[in-house]
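As a plain string of letters, each chain reads:
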Amino acid sequence: MIVLNSSDGATFEVEESVAVQSQTIKHMIEDNCADTSIPLPNVNGVTLARVLEYIKKHAEAKDDEEGLKSFDAEFVKVDQASLFEIILAANYLDIKGLLDLTCQTVADQIKDLTVEEVRAIFNIMNDFTPEEEAKLRNDHAWAFE
Amino acid sequence: MSSVDWSSLPPELIQKISIDLKIYADYIRFRAVCTTWRTSTPTTPTHLPCQLPWLMLPQSRSSSHRRAFFNLADNKCHVLDLPEASHRRRHSGSSHGWLVMLDEYPPIFLVNPLTRAKIDLPPLSTFPYVVGFDVFNVGREYVLQSSDDDIHVNYVSRFYTCGLKEMRDSFVKKIVLSNSPSGGSKFLALAIINKTGDLAYWKDGLSSWGLIEGARSFCEDVIYFNGLFYAADKNGSIAVCDVGGDSPRVEFIRTPGLSDGDMQYLVIANGELLLVTRYLELASELGQLQIGIGTYETREFRVFKLDLSGSKWERVMSLGDTMLFLGENSSLALVASDFPECRGNRIYFTDDFSELDYSGFPGNHDLGIFNLEDGTIEQLPCYPRTSHSHLQWPPPIWITPNPC
């Protein structure tokens, strides 16, 4: 068993065979940095719990393609802030499947939206100058109609 | 409302998300959200799959430097500046997002309506059978040579002349490219010569169009696939042309004659060659004076694929999730579920036989959506059939938007 410590002090136990879905953790084990426990200062407890839920499911139900598909679909039904944290965690922990899933989820949310709608949902400020914004809209005016 | 700052995502993740966007308009809007999303992504995306074709509408008299493109995805017309397509130019094919433009004068060029990039091809005067061009011979500017067959069998004279408009409109039926020439990529071009039913080709390094010997009459349609050009004749036999070597080589797939279709198209769908036959009938326009021209309209399409022996066409009753785009463009197959507004098992078709300029004459363009399931034809949203329509020139053509 491997012990993982989140940034806010939560501790998680997980089997090594499951944990190595994270290339980051895999390399730490190989480099013998995992004597007692592995510190993960970039991931908080709540997010780490979710990530572990993902890798546990994908380890145990490896061959059940249909089951994994519906699990994944449900897994990403979270609020925007959580999705953001999971993406960063998947990137830091280098878990390809989870990163692909979450990035695709964001892309699916963005499809068909106007720029204003994307900014609203993702809480993004428009930091273009008026001239910059006018130019970029003009370059491909047809996409903004 | 989330309290995290999505604009602060690491650049490589911003780019990773952008690559999951498969529709060009979504990608453009993504890059307009904020500065980090813009700087983390390339201006010209290179990951986009083939886009849903737009319908390029005929020139509107009032504004000839701008052309309207109808987008099936949002039922909107997008207007682009395209002086390259104005004046007396006619398009003779659209391939991988590039239009092939012919003029009353010899030059031929390719233009990408999105980027306005232009590439020259050898002029019309370098085609097989064209022996001279003299702009001062008004009405007879081009001098052409008849083929040996025509001279000996049909006793036509060796040389004859052709005026500018006629040459522009009826010498070449369609030009097809092997791949997008964007970014300086090498490409091959194949042209169907209407006058004789021959095929002519061009490739990098040649300064004129070459004749493909032995492929005469394979002039219904041409498609490029895996290094070869496939051309169909009226009966569905195929000439397979390899123009990559020093001189063109042709092999044939001789099939038992298909029945009575009016036009044939070849299209590659899911890695397979399909033959599509178009059936026309004379349209009866109520209460209109036809001035000696009949307007044709499409009655149905039938789709065929080669059987396991590879020598006979067998009927395909359903295309499943695939949809075809046929007309003067390079025939195209796409998967409908990639484009939520489209439906599979359908053929989106345009006018493909009004070579001459019938603009102003009463009539409807022959375009629409053929449903293989029940054989019905639906109108295209931008072209409702009415009794007071007039034909326009050049007729509409499908073109896939290609940002590269």
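Residues numbered from 1 in each chain as written. Chains lettered and ligands numbered in written order. Predicted model: local features only at pLDDT ≥ 70, side-chain atom pairs only at ≥ 80, totals over all residues. Heavy atoms only, no water.

## So, the overall build of chain A
The number of helices and strands found in chain A is eight helices and three strands. Written out in order from the N terminus, the α and β elements of chain A read β-β-α-α-β-α-α-α-α-α-α. Dimensions of chain A along its principal axes, counting C-alpha atoms only, are 60 × 35 × 25 Å. Every one of the 145 residues in chain A was classed for burial, and the buried ones make up 43%. By element, 50% of the accessible surface of chain A is carried by carbon and sulfur atoms, the whole surface being about 7,800 Å². The averaged location of the 29 negative side-chain charges in chain A is 4 Å from the averaged location of its 12 positive side-chain charges. (Helix = DSSP H or I, 4+ residues; strand = E, 2+ residues; numbered from the N terminus. Buried < 20%, exposed > 50% of the residue type's maximum accessible area, 1.4 Å probe, protein only. Areas by Shrake-Rupley, 256 points an atom, 1.4 Å probe, with all protein chains shown as cover. Lys, Arg positive; Asp, Glu negative; His and termini not counted. Charge placed at Lys NZ, Arg CZ, Asp CG, Glu CD.)

## Digging into the confidence of the model for chain B
Residues and elements named next belong to chain B. When pLDDT is averaged across chain B, the result is 88; 92% of the residues are at 70 or more. Element-level pLDDT for chain B is lowest in helix H4 (residues 148-154), with a mean of 76, against a maximum mean of 97 in strand E23 (residues 322-326). Across residues 286-293, confidence stays below pLDDT 50; counting only partners more than four residues off in sequence or on other chains, it has six contacts. Across the whole predicted complex the pTM is 0.89, and at the interface the ipTM reaches 0.94. (pLDDT = per-residue confidence, 0-100. Contact = heavy atoms within 4.5 Å.)

## Here's the deal with the nonpolar core
With 73 residues, the main nonpolar core has Leu4 of chain A together with Trp6 and Trp37 of chain B as its most contacted residues. Look past the residues within four positions of Trp37 of chain B in its chain and what remains in contact with it is Ile110, Val118 and Ile124 of chain A together with Trp6, Ser7, Ile14 and Phe30 of chain B. Counting 25 residues, the second largest nonpolar core, distinct from the first, contains Leu144, Val172, Ala189 and Ile193 of chain B. (Core = buried A, V, L, I, M, F, W, Y, C linked by side-chain atoms within 4.5 Å.)

## Some points on the pairing of strand E17 (residues 238-242) of chain B
Every other side chain in a regular strand lies on the same face of the sheet, so the side chains alternate between the two faces. Residue and element names in this part refer to chain B. Of all five residues in E17, four are buried; the element is thus mostly enclosed. Pairing of strand E16 (residues 228-232) with E17 involves four bridges; the strand directions are antiparallel. Each residue of the ladder has a partner; that of Phe229, found in E17, is Cys241. The turn joining E16 and E17, which pair antiparallel and follow one another in sequence, is formed by five residues; a positive phi near 95° is taken by Gly236. The antiparallel pairing of E17 with strand E18 (residues 249-253) creates a hairpin that spans six residues between the two strands. (Pairing = 2+ DSSP bridges.)

## As for a negative patch on the surface
Taken together, the side chains of Asp63, Asp64, Glu65 and Glu66 of chain A define an acidic patch exposed on the protein surface. By the element assignment, Asp64 of chain A lies in the loop between helix H3 (45-60) and helix H4 (65-75). (Patch = residues over 30% accessible without salt bridge, like charges linked within 9 Å, V, L, I, M, F, W, Y side chains within 5 Å. Salt bridge = Lys/Arg side-chain N within 4 Å of Asp/Glu carboxyl O.)

## Section: the interface of chain A and chain B
At the interface, 37 residues of chain A touch 35 residues of chain B. Approximately 3,300 Å² of surface area, both sides summed, lies buried where chain A meets chain B, with 69% of it carried by carbon and sulfur atoms. Taken as a group, Phe84, Ile124 and Trp142 of chain A account for 22% of the area that chain A buries against chain B, more than any other trio of residues on that side. Counting every contact that joins chain A to chain B gives one salt bridge. The shortest N-O distance in the salt bridge between Lys16 of chain B and Asp100 of chain A comes to 2.5 Å. There are nine residue pairs in polar contact (both at pLDDT 80 or more) connecting chain A and chain B. Counting only elements with at least two residues in the side of chain A that touches chain B, the list comes to helix H5 (80-93), helix H6 (96-110) and helix H7 (115-121) of chain A. Examining the composition of the side of chain A that touches chain B, we find that eight residues originate from one element, H5 of chain A, more than from any other. (Buried area = accessible area lost by both parts, 1.4 Å probe. Polar contact = N/O pair within 3.5 Å; in protein donor to acceptor, adjacent residues only side chain to side chain.)

## Some words on the pairing of strand E5 (residues 98-102) of chain B
Residues and elements named next belong to chain B. Within E5, five of the five residues are buried, which leaves it mostly tucked inside the rest of the structure. Neither face of E5 is left uncovered, since the one carrying Trp98, Val100 and Leu102 and the one carrying Leu99 and Met101 both have all their residues buried. Linking strand E4 (residues 90-95) back to E5 in an antiparallel pair, the connection comprises two residues, with His96 at a positive phi of about 55°. In the sheet, E5 pairs with strand E6 (residues 108-111) via four bridges, with the strands oriented antiparallel. Looking at the pairing, Val100 lines up with Leu110 of E6. Here E5 folds back onto E6, and the loop between the two strands holds five residues.

## Things to note about the side chain of Ser18 of chain B
Residues and elements named next belong to chain B. Following the sequence through the fold, Ser18 ends up in helix H1 (residues 11-19). Residue classification places Ser18 among the buried residues on the basis of a relative accessible area of 1%. Excluding anything up to four places from it in sequence, Ser18 contacts Tyr27, Phe30, Thr41 and His47.

## Here we look at the packing of aromatic side chains
Here the structure, examined in full by the defined rule, presents 21 aromatic pairs over all chains. Where Tyr54 of chain A meets Phe71 of chain A, the ring centres are 6.5 Å apart and the plane angle is 40°; that geometry is what we call tilted. Separated by 17 residues along the polypeptide, Tyr54 of chain A in helix H3 and Phe71 of chain A in helix H4 bring together distant segments of the chain. You'll find Tyr54 of chain A and Phe71 of chain A in the same group, each marked buried. Among the aromatic residues, ring-to-ring pairing joins Phe84 and Phe122 of chain A together with Trp6, Phe30 and Trp37 of chain B into one connected group. (Phe/Tyr/Trp six-rings, centres within 6.5 Å; stacked < 30°, edge-to-face > 60°.)

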